[in-house]
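Letter by letter, the chains look like this.
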Amino acid sequence: MNEINLEHAEKAMHYCAQIKKAINGLCQILDLGDDPFDEMSRLETYKSMFRSAEKWEKQYSDYIEGQNESPVMEQTM
């Protein structure tokens, strides 16, 4: 079961990184000077989504890190 969870966490981390990359891309192409698409109103939403993806990525990373430390802990006992 831990192996399945570990694989899930690794895939999820990958997708979180993709979400962050896509949001960065959206922010880089924002045309706030002319703003024909009302992008300024979405900027805070993009930032919030990025922060959420970062938080989720850290949760998965912490889980993976914890799983990698578990065998070491068992060996020392």
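Everything that follows concerns the structure shown earlier in this document.
Remember, it's a predicted structure, so these values are computed and weren't measured experimentally.

Colleague: Requested: an account of helix H1 (residues 2–28), with residues and values cited.
Modeller: Helical periodicity: at 3.6 residues per turn, an α-helix aligns residues three or four positions apart in one direction. The end-to-end C-alpha separation of H1 is 39 Å, in line with the 39 Å expected for 27 residues at 1.5 Å each. Where H1 is concerned, the buried positions are Ala9, Ala12, Cys16, Lys20 and Ile23.

Colleague: Describe in detail unusual backbone geometry, supporting the description with residues and values.
Modeller: With a phi close to 50°, Asp35 is a non-glycine residue in the positive phi region. Along the chain, Asp35 falls in the loop between H1 and helix H2 (40–76). Positive phi outside glycine occurs at Asp38, with the angle close to 55°. In this structure, Asp38 sits in the loop between H1 and H2. Given the relative accessible area of 45%, Asp38 is considered partly exposed.

Colleague: Any details on the nonpolar core? Residues and values, ideally.
Modeller: Formed by Ile23, Leu30, Leu43, Tyr46 and Phe50, the largest nonpolar core amounts to five residues. The leading source of residues in this core is H2, at three residues. With sequence-adjacent residues up to four places away left out, Tyr46 is seen in contact with Ile23, Leu26, Cys27 and Leu30.

Thresholds, definitions, all that
- Residues numbered from 1 in each chain as written.
- Predicted model: local features only at pLDDT ≥ 70, side-chain atom pairs only at ≥ 80, totals over all residues.
- Heavy atoms only, no water.
- Helix = DSSP H or I, 4+ residues; strand = E, 2+ residues; numbered from the N terminus.
- Expected span 1.5 Å × (residues − 1).
- Buried < 20%, exposed > 50% of the residue type's maximum accessible area, 1.4 Å probe, protein only.
- Core = buried A, V, L, I, M, F, W, Y, C linked by side-chain atoms within 4.5 Å.
- Contact = heavy atoms within 4.5 Å.

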